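The residues making up each chain are set out below.
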Amino acid sequence: MHRIRKVCVYCGSSSGADAAFIAAAQQFGRILAENRIGLVYGGGDMGLMGATAHAVLRAGGHVTGIIPRFLQKREHMLESVQELLIVEDMHERKRLMFEKADAFVALPGGVGTLEELVEQLTWVQLERHDKPVLIADIAGFWRPLLALLDHMREQAFIRPPSEPHYLVCDRVEEILPMLEATVSHGRKPRRELRPEL
């Protein structure tokens, strides 16, 4: 059975308006560490990003932070992680996050989180990779996006066989079992993007 070794978490650099968001980030961080699964994330020490990373570290887990040089101060780079990569731009950050992760989870967040999630959904839709992507709909945060995706299907902008496959759950404890089940029933996730030829 193929096993997930590292999960990339996309989430906000702020805490959001609902205390459930921070609680979910902290709980998921603990779950990752307890299952010896590394965290790959954007390298910041603020908001849900910082909460997730600190929870992993407190529980004895491994954290890889990847942050562009221009965001080191703005997002308060977290220097206590085991692996910290400072890159030149957002494109390099996202490429390395993809390469180092076996799966992707979107917790609540803003425009940056949305952009990262949608990019992964696009790559799945275009068959660039087959790593699982999960939308963690904590306290109904992603409900409007899920409704929009359904609307796109109704309007025939998303149709088989070009469905952007993704998982959805609303409870943190469901995330890892869903990811593991997806990987165990498929082949080993590719570590690189398929060529565009």
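For the structure itself, consult the block above.
Just so we're clear, the structure is a prediction, and the values are computed from it rather than from any experiment. Within every chain, residues take consecutive numbers counted from 1 along the sequence as written. The predicted origin of the model limits local features to residues at a pLDDT of at least 70 and limits the giving and counting of side-chain atom pairs to 80 or more, whereas totals for whole chains, interfaces and linings rest on all residues. The basis for every side-chain value is the complete set of heavy atoms in the structure, and neither hydrogens nor water enter the calculation.

Considerations on the overall build of the protein chain
No. 1: To qualify as a helix, a DSSP run of H or I must reach at least 4 residues; to qualify as a strand, a run of E must reach at least 2; elements of each kind are numbered from the N terminus. Within the protein chain, the secondary structure is distributed over six helices and seven strands.
No. 2: Going from N to C terminus, the protein chain has its helices and strands arranged as β-α-β-α-β-β-α-β-α-β-α-β-α.
No. 3: With the C-alpha coordinates of the protein chain rotated into their principal frame, the extents come out at 45 × 40 × 35 Å.
No. 4: Categorising residues by exposure relies on relative accessible area from a 1.4 Å probe, with only protein chains included: less than 20% of the type maximum marks a residue as buried, more than 50% marks it as exposed, and the intermediate range marks it as partly exposed. Here the protein chain holds 197 residues, and the buried ones make up 48% of them.
No. 5: Summarising the internal contacts of the protein chain: among those between residues at least 6 apart in sequence, 71% fall at separations of at least 24.
No. 6: Surface accessibility in these figures is a Shrake-Rupley result with a 1.4 Å probe; residues are shielded only by whichever protein chains are displayed. Here the protein chain has roughly 9,900 Å² of accessible surface; of this, 54% comes from carbon and sulfur atoms.
No. 7: When charges are counted, Lys and Arg are positive and Asp and Glu negative, with His and the chain ends excluded. Charged groups are reduced to one reference atom each: NZ for lysine, CZ for arginine, CG for aspartic acid, CD for glutamic acid. Taking the 24 positively charged and 26 negatively charged side chains of the protein chain as two groups, their mean positions are separated by 5 Å. Pairs of residues are marked as contacts when any of their non-hydrogen atoms sit within 4.5 Å.

Points about the packing of helix α1 (residues 19-34) against helix α6 (residues 172-184)
No. 1: All axes here are fitted lines through C-alpha atoms, helices being fitted over the stretch that makes contact, and every angle between N-to-C directions spans 0 to 180 degrees. In the contact formed by α1 and α6, the axes pass within 9 Å of each other and the chain directions differ by 40°. Regarding the angle of α1 to α6, the classification is oblique. Once α1 is placed against α6, the crossing between them reads as right-handed. Touching Ala 24, Gln 27, Phe 28 and Ile 31 of α1 are Val 172, Glu 173, Ile 175 and Leu 176, all from α6.
No. 2: For this classification, the nonpolar set comprises Ala, Val, Leu, Ile, Met, Phe, Trp, Tyr, Cys and Pro, the charged set comprises Asp, Glu, Lys and Arg, and every other residue, Gly included, is treated as polar. When grouped by side-chain class, the residues that make up the contact of α1 with α6 number six nonpolar, one polar and one charged. Each angle is binned into one of four classes, with values under 35 degrees roughly parallel, values over 145 roughly antiparallel, values of 65 to 115 roughly perpendicular, and all other values oblique. Crossings are classed by handedness, with left-handed meaning an anticlockwise turn of the near helix from the far one by less than a right angle and right-handed meaning a clockwise turn.

Notes on the sheet that holds strand β3 (residues 63-68)
No. 1: Two strands form a pair only when DSSP identifies at least two bridges running between them. The strand order β4-β3-β2-β1-β5-β6-β7 describes an open sheet built from seven strands, whose pairing is parallel. The open sheet has two edge strands with one neighbour each: β4 (83-87) and β7 (167-169). Taking each pair of neighbouring strands and ignoring which way they run, the sheet shows an average axis angle of 20°.
No. 2: As paired elements, strand β1 (residues 6-10) and strand β2 (residues 38-41) share three bridges and run parallel to each other. Bridge pairing in β2 links Val 7 to Leu 39.
No. 3: Against the sheet, helix α2 (residues 47-58) makes contact with β2 and β3, and its axis sits at roughly 160° relative to β2, the strand it touches most.
No. 4: Of the strands in this sheet, β1, β5 (103-106), β6 (133-136) and β7 touch α6, which is tilted by about 160° from β7.

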